[in-house]
Amino acid sequence: MQFTQRQLRAFAAVADTGSFSAAAPKLHLTTSAVSLLVRELESVVGFRLFERTSRRVALTPHGMEFLPAARRVLNELQQAVIFAQDMQHRVSAHVSIAASPAIAAALLPPLLARCKVEQPEAVVQPVDCPVEQLAEYVLAGRADIAVGPTHSIGGELEIKILFGSPWVIWLAPDHDFASRQHVQWQELGSAKVIVPAHDYDHYMALVLERIAPAQVFTPSMVVENATTALGMAASGLGVALCPAYVEPMTRAWALVSRPLVAPSVVRDIAIYLPSGRVVGPTALRVAAFLRQTLGQQ
């Protein structure tokens with residue numbers, strides 16, 4: 001039994017679109033050519049793949065069972081092509097990493113410097129973007145992989161937790177809280193707290209409400225980026241509520257941190273990889289490097 005890549009691609013395209021005519025432009029073929037390829041494949045496998053009516057095309061039970069196997073074959077063929085291309089252009093293999101601004105500023109630079117030594121063939125390009133767009137960047141192919149806080153998403157993505165970073169407050173050394181070993185969440189109600197909008201609105205406030213409604217407080221200032229919150233804290237305008245992983249960004253301001261307890265809340269940092277399309281071997285090596293190094297945080 002032998003079938004061709006063109007036959008499998010035609011079968012998968014019709015299954016995706018539900019129509020021979022809709023599949024045709026995706027394959028740069030005529031509708032009749034797509035229909036012919038599917039009929040040829042049905043002849044080879046020995047069973048019908050689609051139920052055809054004047055109004056619609058639907059997979060038969062056999063077609064539904066065969067589709068995952070066909071996709072695996074097509075994916076492996078694409079992987080082989082990408083591997084071959086990567087071997088030919090290994091010296092200039094580019095990998096783009098989408099990262100939230102705080103991750104791009106605080107964690108990626110030293111990692112990329114180390115990656116350059118350990119994987120000299122990889123040319124890594126960081127792409128900073130908002131947390132809520134990390135998944136979108138990977139799904140749209142604007143980045144090969146992404147690193148940042150976890151975020152509710154849909155689509156074909158593989159998400160692996162790298163490490164957890166506790167939430168802390170960052171403050172000037174002369175702040176009243178600086179003399180404390182830790183601070184309770186409920187005590188923030190009487191303090192001037194500066195928060196980066198996204199993580200507080202979409203994550204922290206919801207977490208605290210689930211734990212204990214009494215822990216929820218009203219921020220004194222809401223800013224867009226963690227760097228702004230940290231800079232304002234350094235000027236004595238309040239305390240900045242950020243995860244501990246931003247520590248490299250705080251050194252220029254000589255800020256100190258104090259753990260938040262009762263409860264202790266951790267922000268998960270993850271790596272995003274596409275599961276619905278092939279990732280090149282260089283990107284996979286860089287992803288493995290990030291998982292190994294960041295997983296030790």
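First, a word on what this report is: a plain description of the structure on this page. (Residues numbered from 1 in each chain as written. Predicted model: local features only at pLDDT ≥ 70, side-chain atom pairs only at ≥ 80, totals over all residues. Heavy atoms only, no water.)

## Digging into the nonpolar core
- Residues I97, V147 and L290 are the most contacted members of the largest nonpolar core, which totals 42 residues.
- Per-element tally for this core: the top contributor is helix α11 (residues 281–294), with six residues.
- Ignoring any residue separated from it by four or fewer positions in sequence, one finds L290 in contact with I97, L111, I145, V147, L162, I271 and G295. (Core = buried A, V, L, I, M, F, W, Y, C linked by side-chain atoms within 4.5 Å. Buried < 20%, exposed > 50% of the residue type's maximum accessible area, 1.4 Å probe, protein only. Helix = DSSP H or I, 4+ residues; strand = E, 2+ residues; numbered from the N terminus. Contact = heavy atoms within 4.5 Å.)

## What to know about the environment of L27
- Mapping L27 onto the fold places it in helix α2 (residues 20–27).
- Residue L27 is classed as buried on the basis of its relative accessible area of 11%.
- For L27 and R6, which are 21 residues apart along the polypeptide, the C-alpha to C-alpha distance reads 9.1 Å.
- Excluding anything up to four places from it in sequence, L27 contacts R9, A10, A13 and V34.

## A few points about the side chain of T293
- Residue placement: T293 occurs in helix α11.
- Judged by relative accessible area, T293 falls into the buried class, the value being 5%.
- In this structure the side chain of T293 is engaged in a polar contact, spanning 3.4 Å, whose partner is the backbone oxygen of L290.
- Among all residues touching T293, those that are not within four sequence positions of it are L111 and R114. (Polar contact = N/O pair within 3.5 Å; in protein donor to acceptor, adjacent residues only side chain to side chain.)

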